[in-house]
Amino acid sequence: MKGTHIIADLYECEADLDNPNIVEIIYKYLVEEDLANILRYEYHKFEPQGLSAIYFLAESHFSFHTWPEKKYVSLDYYTCKQDFDVSQINKYIELFQSKNPIIVFTPRGTLNKFSFKKYQLPFTKI
């Protein structure tokens, strides 16, 4: 199954990375924007700070981990949706208020075909 794998390192985040409400906001993004069918999700709040969450999707998975003390978020999103719009990643950059996002888009399930696509912030569909 062909898909898109997005790996994001979000640096210099200004959002409250210790706020568990982020988990619900992302849930709403995924459902309301028709990006995914969520099968279930789990999250953990670390002490003294930090969050990790994973959403099990019919289309694959979405996860993130926060390090508030570093103002850093690690995000991993794999989808098999054929009509996935890469500009959707902008919502997560904005949510976490990252001033320095580094994003990698990798095509999956394309045996012997590897291609790079060029994007600029904010990401737009090509």
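What comes next is a walk through the structure. Residue numbering note: each chain is counted from 1, following its sequence as written. Two thresholds apply to this predicted model, a pLDDT of at least 70 for residue-level local features and 80 or more for giving and counting side-chain atom pairs, whereas whole-chain, interface and lining totals are computed over all residues. With hydrogens and water excluded, all non-hydrogen atoms of the structure serve as input to the side-chain values.

## Structural notes on the overall build of the protein chain
- Scanning the protein chain from terminus to terminus reveals two helices and six strands.
- Secondary structure elements follow DSSP: runs of H or I of four or more residues count as helices, runs of E of two or more count as strands, with numbering from the N terminus. In the protein chain, the order of α-helices and β-strands from amino to carboxyl end is β-α-β-β-β-β-α-β.
- Relative accessibility thresholds used throughout: buried, under 20% of the residue-type maximum; exposed, over 50%; partly exposed, between the two (1.4 Å probe, protein chains only). A buried classification covers 43% of the 126 residues belonging to the protein chain.
- We call two residues in contact when some of their heavy atoms are within 4.5 Å. A separation of at least 24 residues holds for 60% of the contacts in the protein chain among residues at least 6 apart in sequence.

## Overview of helix α1 (residues 21–32)
- Take the number of residues in a helix, subtract one, and multiply by 1.5 Å to get its expected span. Taking 1.5 Å as the rise per residue, α1 with twelve residues should run 16 Å; its terminal C-alpha atoms sit 16 Å apart, in good agreement.
- Turning to α1, its buried residues number three or more, namely Ile 22, Val 23, Ile 26 and Leu 30. With its buried residues spanning 105 degrees around the axis, α1 presents them on a single face.
- Along its buried surface, α1 packs onto β2 (38–45), β3 (51–57), β4 (60–67), β5 (72–79) and α2 (89–96). Within this analysis, the arc is defined by the directions that extend from the helix axis to the C-beta atoms.

## Details of α2
- The element α2 is largely enclosed, with a buried count of six among its eight residues.
- Among the residues making up α2, those that are buried are Ile 89, Asn 90, Tyr 92, Ile 93, Leu 95 and Phe 96.

## A look at the environment of His 61
- For His 61, the position within the fold is in strand β4.
- With a relative accessible area of 23%, His 61 lands in the partly exposed category.
- Dropping the residues within four chain positions of it, His 61 is found in contact with His 5, Tyr 55, Asp 76, Tyr 77 and Tyr 78.
- Definition of a polar contact: a pair of N or O atoms within 3.5 Å, with one able to donate and the other able to accept a hydrogen when the atoms are protein atoms, and with sequence-neighbouring residues admitted only if both atoms are side-chain atoms. A distance of 2.4 Å separates the side chain of His 61 from the side chain of Asp 76, its partner in a polar contact.

## Structural notes on the sheet that holds β4
- Any two strands with at least two DSSP-identified bridges between them are counted as paired. Overall, antiparallel pairing links the six strands, which are arranged β2-β3-β4-β5-β1-β6 in an open sheet. Each having just a single partner strand, β2 and β6 (98–108) make up the two edges of the open sheet. Here the strands of the sheet are splayed against their neighbours by 10 degrees on average, with no regard to which way each runs.
- Where β3 lies against β4, six bridges are found, and the strand directions are antiparallel. Note on β4: the bridge partner recorded for Ala 53 is Phe 64. The axes are straight lines fitted to the C-alpha atoms, using for helices just the contacting stretch, and the angles between their N-to-C directions are given from 0 to 180°.

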